[in-house]
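# Structure at a glance
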Protein chains: 2
Amino acid sequence: MTQPSLRPPTMADVARRAGVSHQTVSRVLGDHPNVRDGTRAKVLNAIGELGYRPNSSARALVTRRTRTLGVVASNTTLYGPGSTLFALEEAALAKGYLVSTVSLRKLTVQTLSEALDRLIEGGVDGLLTIVPQLSATAALTELPHPFPVVTVGSGIAAEIPCVTVDQHRGAHMATGHLLAAGHRTVWHVAGPEDWQDAQGRTAGWRATLEAAGIEPPEPLTGDWSPRSGYLAGQELVGRAGRELTAVFVANDQMALGVLRALREAGLGTPQDVAVVGFDDIPESEFFAPPLTTIRQDFTEVGRRSIALLLDRVEGRDSSGTPRIVIEPQLIVRTSSSPPSP
Amino acid sequence: MTQPSLRPPTMADVARRAGVSHQTVSRVLGDHPNVRDGTRAKVLNAIGELGYRPNSSARALVTRRTRTLGVVASNTTLYGPGSTLFALEEAALAKGYLVSTVSLRKLTVQTLSEALDRLIEGGVDGLLTIVPQLSATAALTELPHPFPVVTVGSGIAAEIPCVTVDQHRGAHMATGHLLAAGHRTVWHVAGPEDWQDAQGRTAGWRATLEAAGIEPPEPLTGDWSPRSGYLAGQELVGRAGRELTAVFVANDQMALGVLRALREAGLGTPQDVAVVGFDDIPESEFFAPPLTTIRQDFTEVGRRSIALLLDRVEGRDSSGTPRIVIEPQLIVRTSSSPPSP
DNA sequence: CCGAGGATTGTTAGCGCTCACAATGACCCT
DNA sequence: AGGGTCATTGTGAGCGCTAACAATCCTCGG
């Protein structure tokens, strides 16, 4: 920090000051084995004195690696995508990568495509997408071919590796739990049809009922919001009447709306109607009543996704099209206690 | 896309194919005026045929600009920070910048410092922090001096420009609203003492009561979570008894907990106790009862923050230490209807 | 005490791009 | 017709770094 130069110090400056060649400085920075301790110390010293920081662009230019990963996410204010993004970032950082994110307010093939473009243009080494809407995944196939991509939580897209929580299984747990408690049938408030997760949950619910010899009632559809859950709840009360004793709601926010609708209809939870949600958002425990739900391990999702992507980025393995599936977990709370006989 | 070469095409390849010099290609890309239409077309054509993409590292190396901004955020699963991050990203993108994010699970001077370091090392042009905890802001002063930084929503740090929503004013709106409805006093469940926002809200609440000639009762403190709100609610019921008719809770999540505690204590909202929250999370409208709260315009926060930062990054203006303050808005719902006389 | 062979350090080329400047061409005025 | 001017295009250098190779220095065994 001796001279307040205009230009930040370069590797050559460090070399000069340490009395070595710039290449030796590079070796010290790169942790090469063949550098004498004394030399290393001199270099480290000079680096400290000069306040030197390696220039990442210069390095990236020659190594052809930016050590940055791109993430496209659709609706990060939603619990699932938000948590996934957070986990991805954490995992990437742990591996020495930075993450550039583009969050989309509106997800279409068009916007997704643009986002991917900007990220690639920005020089990312690999791409992750948190894009649960199936309709948009088409954009993924248009990538310059050998570009490393992993989709997180939206596993359908053609030949792209993906990591996802087993939605079908989660729905099965929820529905099975309700059935085991003695309910004759389980109604369902689904998420938007276009969402991979919503489809999986609905399919899991349906399959579970059918396996139990029960004809699944027509599911209602919401948009993940509490409001839509509220409307669905009202609809359900009107449509099912006394038959309504158990509902599996595709996420916790909508379950909150359902709970309110039930309450307003004079129905008690769980005495009259049992409710199970999905996600285990932090608030669920404090709903009235506390909500039984399905928890997803996003940290694990993040770790596995990054590992998978880095295999490709760092050229370790890019054979096949792996699909990693992670198990969800049932969290039982008051909203699903067995009905009074 | 004619030849599936190993190396991606470079500007020189494009130039050769278009029969011009690499500099002309650069001009076309940079939208320079003095390029004949025919030439531009040839170049554009060659670019398309080759599937050429400019190399951002090479460009960054010479321009000394990466067109990437760094954001350090503390707890993005919380509504406020999460929304801020989203808004920042959107605003940056609109200005042609990418955003690299580091989300901290645990915020300390240490972790903040590391995060800033990694971001700078990664080559960002400027830095934004969403770091509401005052205790950590010290790390900001250790930056290599003329590095452009803007803090978002945590305005205390020494000479660093900042953008924030007026928490004091929001709390004043909430408290004043309750007072105007006829309540004799307003209790307060505060956020963590270390948080800038929490302090502002508490101060605003206190000032409003004092201005009305009311001695503020001792506030309770939570950690933003519904659980802590629930505990605070129970405590409040025990401590205040019949005196408890109005509560201003420092965020909506905690307000949810308070609502539950009140309900469990046999107190009706708003008949017995009126409640006002802060944030206007999407769920608030569906709480039982729907929650009166204070809404913050994060989109505006994002726009202003990015504008401020880019002024510095792009060397337009870096005089002074601006503090931009944005007005919040009171959203009245059922939870704060006037008490029955 | 010498040379083999490993350890350590230096030298030389670019990576792909933009900047500053030089060169060329087109056009107009006198 | 000649020279000045602007529009358009080309040339050369170098941003800061790493990779490959060349050069030097040791350390020993014989």
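Note that the structure is a prediction, hence the values are computed from the model and not measured.

## Description of the overall build of chain A
When you go through chain A residue by residue, the secondary structure sums to eleven helices and twelve strands. Scaling as 2.2 N^0.38, a compact globule of 341 residues should have a C-alpha radius of gyration of about 20 Å, whereas chain A reaches 26 Å, well beyond that. Taken along the three principal axes of its C-alpha coordinates, chain A extends 85 × 40 × 35 Å. Within the span of chain A, comprising 341 residues, buried residues form 51% of the whole. Considering only residue pairs separated by 6 or more positions, chain A has 70% of its internal contacts joining residues 24 or more positions apart.

## Side note on the domain arrangement of chain A
Domains assigned within chain A are domain 1 (11-54), domain 2 (66-165 + 298-327) and domain 3 (167-296 + 330-336). For domain 1 of chain A versus domain 2 of chain A, the separation of C-alpha centres amounts to 37 Å.

## Observations concerning the environment of Pro9 of chain B
Residues and elements named next belong to chain B. Looking at the secondary structure, you find Pro9 in the segment before α1 (11-18). The class of Pro9 is buried, set by 20 C-beta atoms lying within 10 Å. Once the C-alpha coordinates of Pro9 and Arg323 are considered, the two residues, 314 residues apart in sequence, prove to be 46 Å apart. Among all residues touching Pro9, those that are not within four sequence positions of it are Val14, Leu50, Gly51 and Tyr52.

## Some thoughts on the protein's contact with DNA strand C
The full set close to DNA strand C counts 25 residues, and Ser21 and Gln23 of chain A together with Met11, Ser26 and Ala58 of chain B are the nearest of them. Those elements that provide at least two residues to the surface near DNA strand C are α2 (22-29) and α4 (56-63) of chain A together with α2 (22-29) and α4 (56-63) of chain B. The leading source of residues in the surface near DNA strand C is α4 of chain B, at five residues. In terms of residue class, the surface near DNA strand C is made up of ten nonpolar, twelve polar and three charged.

## Concerning the interface of chain A and chain B
Listed per partner, the contact involves 44 residues of chain A and 44 residues of chain B. Those elements giving two or more residues to the side of chain A that touches chain B turn out to be α4, α5 (79-94), β2 (98-103), α6 (109-121), α9 (226-240) and α10 (252-264) of chain A.

## Here's the deal with the UniProt feature "domain: HTH lacI-type" (unreviewed entry) in chain A
Listed under "domain: HTH lacI-type" (unreviewed entry) in the UniProt record, and renumbered for this structure, are residues 9-63 of chain A. In this annotation, residues 9-63 of chain A is assigned 69% helix and 0% strand; the end-to-end C-alpha distance for the span is 21 Å.

## Details of α1 of chain B
All names here are of chain B. The set of residues buried in α1 consists of Met11, Val14 and Ala18. With its buried residues spanning 60° around the axis, α1 presents them on a single face. Summarising the contacts, the buried residues of α1 are in contact with α2 and α3 (37-50). Immediately beyond the C-terminal end of α1, within one or two residues, lies Gly19, with a positive phi of roughly 70°.

## A word on the protein's contact with DNA strand D
Among the 25 residues in the neighbourhood of DNA strand D, the closest are listed as Met11, Ser26 and Ala58 of chain A together with Ser21 and Thr39 of chain B. Those elements giving two or more residues to the surface near DNA strand D turn out to be α2 and α4 of chain A together with α2 and α4 of chain B. In terms of residue count, the dominant contributor to the surface near DNA strand D is α4 of chain A (five residues). Counted by class, the surface near DNA strand D contains ten nonpolar, twelve polar and three charged residues.

## Some remarks on the relation of the copies chain A and chain B
These two copies of the chain differ by a rotation about an axis and a displacement along the same axis. When chain A is fitted onto chain B, the two copies agree to an RMSD of 0.1 Å after a turn of 180° and an axial shift of 0.0 Å. In the structure described here, the two chain copies are related by an operation that fits a two-fold rotation axis. Among all C-alpha atoms of chain A, that of Ser100 of chain A lies closest to the rotation axis, at 2.0 Å. A high fraction, 100%, of the interface residues of chain A reappear at the interface in chain B, so the copies pair face to face through one surface.

## Side note on the environment of Thr39 of chain B
Note on placement: Thr39 of chain B falls in helix α3. What Thr39 of chain B contacts, discounting residues up to four positions off in sequence, is Val20 and Thr24 of chain B.

## Remarks on the packing of helix α7 (residues 167-180) of chain A against helix α8 (residues 196-211) of chain A
Residues and elements named next belong to chain A. Their axes nearest at 7 Å, the elements α7 and α8 cross at an angle of 45°. In terms of axis orientation, α7 runs oblique to α8. At the point where α7 passes α8, the crossing takes the right-handed sense. Contacts between α7 and α8 involve Gln167, His168, Arg169, Gly170, Ala171, His172, Thr175 and Gly176 from the former and Asp197, Gly200, Arg201, Ala203, Gly204, Trp205, Ala207, Thr208 and Leu209 from the latter. In terms of residue class, the contact of α7 with α8 is made up of five nonpolar, nine polar and three charged.

## Some details on the sheet that holds strand β8 (residues 246-249) of chain B
All names here are of chain B. One open sheet holds the four strands; their spatial order is β7-β6-β8-β9, and the pairing between them is parallel. Edge positions in the sheet fall to β7 (220-221) and β9 (274-276), since each of these pairs with one other strand and no more. As paired strands, β8 and β9 are joined by three bridges and run parallel to one another. Across the sheet, Phe248 pairs through a bridge with Val276, a residue of β9.

## Quick notes on the sheet that holds strand β7 (residues 220-221) of chain A
Residues and elements named next belong to chain A. On the basis of which strands lie adjacent, the open sheet formed by four strands has the order β7-β6-β8-β9 and parallel pairing. Of all strands in the sheet, those bounded by a partner on one side alone are β7 and β9 (274-276). Helix-sheet contacts for α7 involve β8 (246-249) and β9, and the interaxial angle to β8 is about 170°. Running over the sheet, α8 touches β6 (187-190) and β8 and is turned about 170° from β6.

## Thoughts on unusual backbone geometry
All names here are of chain A. For the bond running from Thr269 to Pro270, omega is 5°, close enough to zero to count as cis. Secondary-structure assignment places Pro270 in the loop between α10 and β9. Here the phi dihedral of Arg67 falls at roughly 55°; this positive angle occurs in a residue that is not glycine. With respect to the helices and strands, the residue Arg67 is situated in the loop between α4 and β1 (68-73). If you check the backbone angles, Asp280 has positive phi at about 55° while not being a glycine. Structurally, the position occupied by Asp280 is in the loop between β9 and β10 (293-295). Accessibility expressed as a C-beta count within 10 Å gives 21 for Asp280, which makes it buried.

What counts as what
- Residues numbered from 1 in each chain as written.
- Chains lettered and ligands numbered in written order.
- Predicted model: local features only at pLDDT ≥ 70, side-chain atom pairs only at ≥ 80, totals over all residues.
- Helix = DSSP H or I, 4+ residues; strand = E, 2+ residues; numbered from the N terminus.
- Rg over C-alpha atoms; globule rule 2.2 N^0.38 Å.
- Buried ≥ 20, exposed ≤ 12 C-beta atoms within 10 Å, placed from the backbone.
- Contact = placed C-beta atoms within 7 Å.
- Domains from an automatic or database assignment.
- Near = placed C-beta within 6 Å.
- Nonpolar A, V, L, I, M, F, W, Y, C, P; charged D, E, K, R; others polar.
- UniProt positions renumbered as here; feature names shortened; annotations may be inferred.
- Arc of directions from axis to C-beta.
- Least-squares fit on C-alpha atoms with pLDDT ≥ 70 in both.
- Axes fitted to C-alpha atoms, helices over the stretch in contact; angles between N-to-C directions.
- Parallel < 35°, antiparallel > 145°, perpendicular 65-115°, else oblique.
- Left-handed = near helix turned anticlockwise from the far one by under 90°.
- Pairing = 2+ DSSP bridges.

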